[in-house]
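Here's the letter readout for the chains.
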Amino acid sequence: MDQASLHHLLSALPSVEEVLNTSALLSLRASLPQHILTLCARDAIERARQEIRKGTRHEEELLSIASRAQTQALAYLRPSMKRVINATGVVIHTNLGRSPLALDAINAVVDIAQGYSTLEYSTQTQSRGSRHDHVEQLLCTLSGAQAALVVNNNAAAVLMVLSEYAAGFEAIVSRGELVEIGGEFRIPDIMVLSQATMVEVGTTNKTHEADYTRALTSHTALLLKVHRSNFRMLGFTGSVSVAQLRALANAENHRREVSGECTSHVLVYEDLGSGALLNLPCFGDYDEPTVVASLQAGADLVSFSGDKLLGGPQAGIIVGNRDLIERLKKHPLARAIRIDKMTLAALEATLRLYLNPHVALTSIPTLRMLTEKIEDIYARAQALATILDHELPPHCARIEVIAETGRAGGGALPQCNIETAAVALTFIVGSAQGAEHYLIAKHSTPIIGRIKKDCLLFDALTLTSSDFSEIAAGLGAYFAEQNNEAQSGQTQGRHHG
Ligand SMILES: *Cc1c(COP(=O)(O)O)cnc(C)c1O
């Protein structure tokens, strides 16, 4: 574009006043204060100005600028974080908020959030209490640990343990366990952050006991074991168990005592990742370690997430030796990464359900989904198919129930397939991709399914029957839009013809 026409376009941009006086923005006057609308109008004009300068826009049209300002203004009125319907069949879906909470946990959050609480107050002594007290006994009972501490999330827990016990010293870890969990959480980076010197041993696929033995020195503070979480190695592999690490640490600690070295003990710490409190049948042949097993095998400290296999709120739980946990409670990071009262309420209520494993399996949604019988999942898929069959307009899609495989997700049991059933739609009107986009981007409660070949799948594993009417409504609206477009296309066709 030449300078003259560029200048012409820029000077023809509407004023803030003009944008504010379009019907798009006038209609919002009742719901938003003037200064917010002004902000949106100014932003929309500024964006148009930049696009014209960059050459990506060739008009200064008032209505399109007003429409953008309106979209921006409307965003202030609607929550950005919304409930979604998870029809993916991935139970612990990190992008979708991991574990849904049990009803007891939800009620506890509502109760505590509404008013004041005994968060840090002891009704016994009528003086300051500790927020840790609300869950410590429960965690000890459930895991067999001497003591427990809860922080914001497991990444924070790992950082704190390494900072307290390995800063300035060496922490030994197998090359086969130097994982990246996602979201930039990598074990080597956490080591750097905690100022521990990471000593890598073994190879990618195999690490032997002797590798640790060779690496142990007077500077060793910690033997770290990390759950592989989101990947699995097959074939010629080998790793060293917590029990073996315990034996190595014991031998080294004995050597230090005998030789009179005044360095502290070598600790065994396992970052369990998901941290199962119960042995679930869905593990099948997988040897998913439980928290109890890790402690029994001799770990001094074990940490895990609250919102993965545990099925509670986001939290990082550290259990283990009393003296070690007491030192962690005093670490400056403990305050920086502390858990908030709503999360603590949800966690306490969730843990209480575990006192009776049967209650935990039926009332904690994550556990219920992971242990549900395939017949029940099938029945739910069938019920959804029947509703869709009745409620969707005829000849829009072929609806069938198919066998599928779901996943635990959340860095738990990565290659472990869970037998499930899904409703598969083959589209006669519209397309699977079009419907998927519509249900996610345009439906008020986004419905997230999965595409397989040319079908859109709704996996019954992660659905409850209360989701069905919403799915029927979403698909109904999609087909209505498709039919409208087809009709207006025909009318336009006639006009042009
Ligand atoms: C998930 C995971 C973490 C991080 O836990 P968050 O609770 O998400 O912070 C750390 N280590 C392992 C092995 C994990 O699987």
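A brief report on the enclosed structure follows.

Procedures and definitions
- Residues numbered from 1 in each chain as written.
- Predicted model: local features only at pLDDT ≥ 70, side-chain atom pairs only at ≥ 80, totals over all residues.
- Heavy atoms only, no water.
- Helix = DSSP H or I, 4+ residues; strand = E, 2+ residues; numbered from the N terminus.
- Buried < 20%, exposed > 50% of the residue type's maximum accessible area, 1.4 Å probe, protein only.
- Pairing = 2+ DSSP bridges.
- Axes fitted to C-alpha atoms, helices over the stretch in contact; angles between N-to-C directions.
- Near = heavy atom within 4 Å.
- Polar contact = N/O pair within 3.5 Å; in protein donor to acceptor, adjacent residues only side chain to side chain.
- Areas by Shrake-Rupley, 256 points an atom, 1.4 Å probe, with all protein chains shown as cover.
- Nonpolar A, V, L, I, M, F, W, Y, C, P; charged D, E, K, R; others polar.

**Looking at the side chain of His 93**
Among the secondary structure elements, His 93 is positioned in the loop between strand 2 (90-92) and helix 6 (103-114). Judged by its relative accessible area of 18%, His 93 falls in the buried class.

**Thoughts on unusual backbone geometry**
Trans is the prevailing form of peptide bonds, just as negative phi is the prevailing case for residues other than glycine. The backbone of Gln 126 shows a phi angle near 50°, a positive value even though the residue is not glycine. Mapped onto the elements, Gln 126 comes out in the loop between strand 3 (121-122) and strand 4 (127-128). For Lys 453, which is not a glycine, the phi torsion comes out positive at approximately 50°. Mapped onto the fold, Lys 453 is located in the loop between strand 17 (450-452) and strand 18 (455-459).

**So, the sheet that holds strand 12 (residues 301-305)**
Pairing is mixed across the open sheet formed by seven strands, whose spatial order is 5-13-12-11-10-6-9. Each of the sheet's edge strands pairs with one partner strand only, and the pair in question is strand 5 (147-151) and strand 9 (197-201). With direction set aside, neighbouring strand axes in the sheet form an average angle of 20°. Of the strand pairs in this sheet, strand 5 and strand 13 (residues 316-320) are connected by five bridges, and their pairing is antiparallel. Within strand 13, the position partnered with Val 150 by the bridge is Ile 317.

**Section: the site of the ligand**
Of all residues adjacent to the ligand, which total 13 residues, the nearest are Ala 155, Ser 229, Asp 271, Ser 305 and Lys 308. One nitrogen or oxygen atom from the side chain of Arg 98 is found 2.9 Å from an oxygen atom belonging to the ligand. Taking Ala 155, its main chain carries an N or O atom lying 2.8 Å from an oxygen atom of the ligand. Contact with the protein chains covers 95% of the free accessible surface of the ligand, which is 380 Å². Taken together, the elements giving at least two residues each to the shell around the ligand come down to helix 8 (154-166) and strand 11 (267-273). Taken together, the residues of the shell around the ligand sort by class into four nonpolar, six polar and three charged.

Any link to function would need more than the numbers given here.
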